Amino acid sequence: MFRLAVLASGRGSNLQAIINKLHLSKNNIKISCVISNKKMAIALEIAKNYEIPFYLIDENRYNNDEYEEMLIKTINSHDIDLIVLAGYLKILSAKFVNTFKDSIINIHPSLLPAFPGLDAQKQAINYGVKISGCTVHYVNKKVDTGPIIKQKAVKVEDKDDEASLSKKILKYEHQLLPEAIELIAQGKIKLNKDRTVTIKE
Ligand code: GAR
């Protein structure tokens, strides 16, 4: 069994995509736990509905060290193979990243290295790019700079605004993230020393 911990801060549509495409299908990939830093995260409700163990570690109740200590403990109690950041909007420390070296991936709503950080779709609209998209990458010590596993491009039309572009990109996020997880679970992703990623299809 290949066990996932999914970290999510909000709506949880990427979590739902992982549930639909991987957790509920006949393969050896299962979500072992869902963890959120936000009390109101719908992702926790989704986990509950599917009887997936879920945890709220409320970021407002702990300092960052305490928060991450609890996060590490929770993840370690589930014998996890891969940590998936699916709309997880909190920066992880170098200590945390080192603890789970090369075992954390993130989905980001732009073609990295363009538009890292928050509001990537708004940044893309404001910049006036003609193409944007989404990226699945390994998480390293700096925000949104880790080795790129997969990307999908989306055309930006003149009539697009932040909302319509976000919607278009999200549709592809829901494909790209489960695809990347499946490739990793199948041992088809090789992270090279020069930080490139090779996919053995
Ligand atoms: C997604 O668009 C995801 O790419 C983005 O947050 C949204 C979460 O949606 N993540 C980031 O911006 C990370 N920097 P969801 O909660 O419905 O999956």
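Reading the values: the criteria
Residues numbered from 1 in each chain as written. Predicted model: local features only at pLDDT ≥ 70, side-chain atom pairs only at ≥ 80, totals over all residues. Heavy atoms only, no water. 1 Å grid on protein atoms, 1.4 Å probe; cavity = no way out; pocket = protein on both sides within 12 Å on 5 of 7 lines; lining within 4 Å. Points joined across faces, edges and corners; volume = space filled by probe spheres on them. Helix = DSSP H or I, 4+ residues; strand = E, 2+ residues; numbered from the N terminus. Nonpolar A, V, L, I, M, F, W, Y, C, P; charged D, E, K, R; others polar. Buried < 20%, exposed > 50% of the residue type's maximum accessible area, 1.4 Å probe, protein only. Contact = heavy atoms within 4.5 Å. Near = heavy atom within 4 Å. Polar contact = N/O pair within 3.5 Å; in protein donor to acceptor, adjacent residues only side chain to side chain. Areas by Shrake-Rupley, 256 points an atom, 1.4 Å probe, with all protein chains shown as cover. Sits in = over half its atoms within 2 Å of the grid points. Axes fitted to C-alpha atoms, helices over the stretch in contact; angles between N-to-C directions. Parallel < 35°, antiparallel > 145°, perpendicular 65-115°, else oblique. Left-handed = near helix turned anticlockwise from the far one by under 90°. Phe/Tyr/Trp six-rings, centres within 6.5 Å; stacked < 30°, edge-to-face > 60°. Lys NZ or Arg CZ within 6 Å of the ring centre and 35° of its normal.

## Let's talk about the layout of surface pockets
Reasoning step 1: Estimated volume of the largest pocket: approximately 910 Å³.
Reasoning step 2: Lining the largest pocket are 37 residues, and of these G87, Y88, L89, P109 and L118 lie nearest its centre.
Reasoning step 3: No other element matches helix α6 (residues 162-185), which puts six residues into the lining of the largest pocket.
Reasoning step 4: Tallied by class, the residues present in the lining of the largest pocket amount to 15 nonpolar, 13 polar and nine charged.
Reasoning step 5: Counted as a void, the second largest pocket has a volume near 230 Å³.
Reasoning step 6: Around the second largest pocket sit V97, N98, K101, D102, Y138, V139, N140, K141, P147, L191, N192 and R195, which together line it.
Reasoning step 7: Along the lines of polarity and charge, the residues of the lining of the second largest pocket split into five nonpolar, three polar and four charged.

## Some details on the environment of L165
Reasoning step 1: Among the structural elements, L165 can be located in helix α6.
Reasoning step 2: Overall, the relative accessible area of 0% leaves L165 in the buried class.
Reasoning step 3: Excluding residues that lie within four positions of it along the chain, L165 makes contacts with Q121, A124, I125, S132, V154, V156 and D160.

## Considerations on the site of the ligand
Reasoning step 1: Around the ligand, the surrounding shell holds 13 residues, and the nearest of these are R11, G12, S13, N14 and E173.
Reasoning step 2: Measuring from an oxygen atom of the ligand, one finds a backbone N or O atom of G12 at 2.8 Å.
Reasoning step 3: In isolation the ligand has 450 Å² of accessible area, and contact with the protein removes 89% of it.
Reasoning step 4: Given that more than half its atoms are within 2 Å of the pocket grid, the ligand belongs to the largest pocket.
Reasoning step 5: In terms of residue class, the shell around the ligand is built from four nonpolar, seven polar and two charged.

## Observations concerning the packing of helix α1 (residues 13-23) against α6
Reasoning step 1: Two elements in contact, α1 and α6, have axes separated by 9 Å at closest approach and are oriented at 50 degrees. The orientation of α1 relative to α6 falls into the category oblique. The way α1 lies across α6 gives a crossing that is right-handed. The residues of α6 that touch α1, namely those facing S13, N14, A17, I18, K21 and L22, are L170, E173, H174, Q175, L177, P178, I181 and E182.
Reasoning step 2: Among the residues making up the contact of α1 with α6, the classes are represented as seven nonpolar, four polar and three charged.

## So, the packing of aromatic side chains
Reasoning step 1: In this structure the tally under the stated criterion is two aromatic pairs.
Reasoning step 2: Between F96 and F100 the ring centres are 5.1 Å apart and the planes differ by 55 degrees, which places this aromatic pair in the tilted class. The pair F96 / F100 is uniform in exposure class, with both members buried.
Reasoning step 3: Sitting over the ring of Y67, K90 keeps its end group 4.7 Å from the ring centre.

## Remarks on unusual backbone geometry
Reasoning step 1: Following L112, the chain continues into P113 via a peptide bond in cis, with omega recorded as 15 degrees.
Reasoning step 2: Residue position: P113 is located in the loop between β5 (104-108) and α5 (120-127).
Reasoning step 3: Located in the positive-phi region is E51, a residue other than glycine, with phi close to 55 degrees.
Reasoning step 4: Here E51 shows up in the loop between α2 (42-49) and β3 (54-56).
Reasoning step 5: Here E51 falls in the exposed class, since its relative accessible area comes to 75%.
Reasoning step 6: Although it is not a glycine, D102 sits at a positive phi angle of roughly 60 degrees.
Reasoning step 7: Here D102 is to be found in the loop between α4 (94-99) and β5.
Reasoning step 8: Judged by its relative accessible area of 44%, D102 falls in the partly exposed class.

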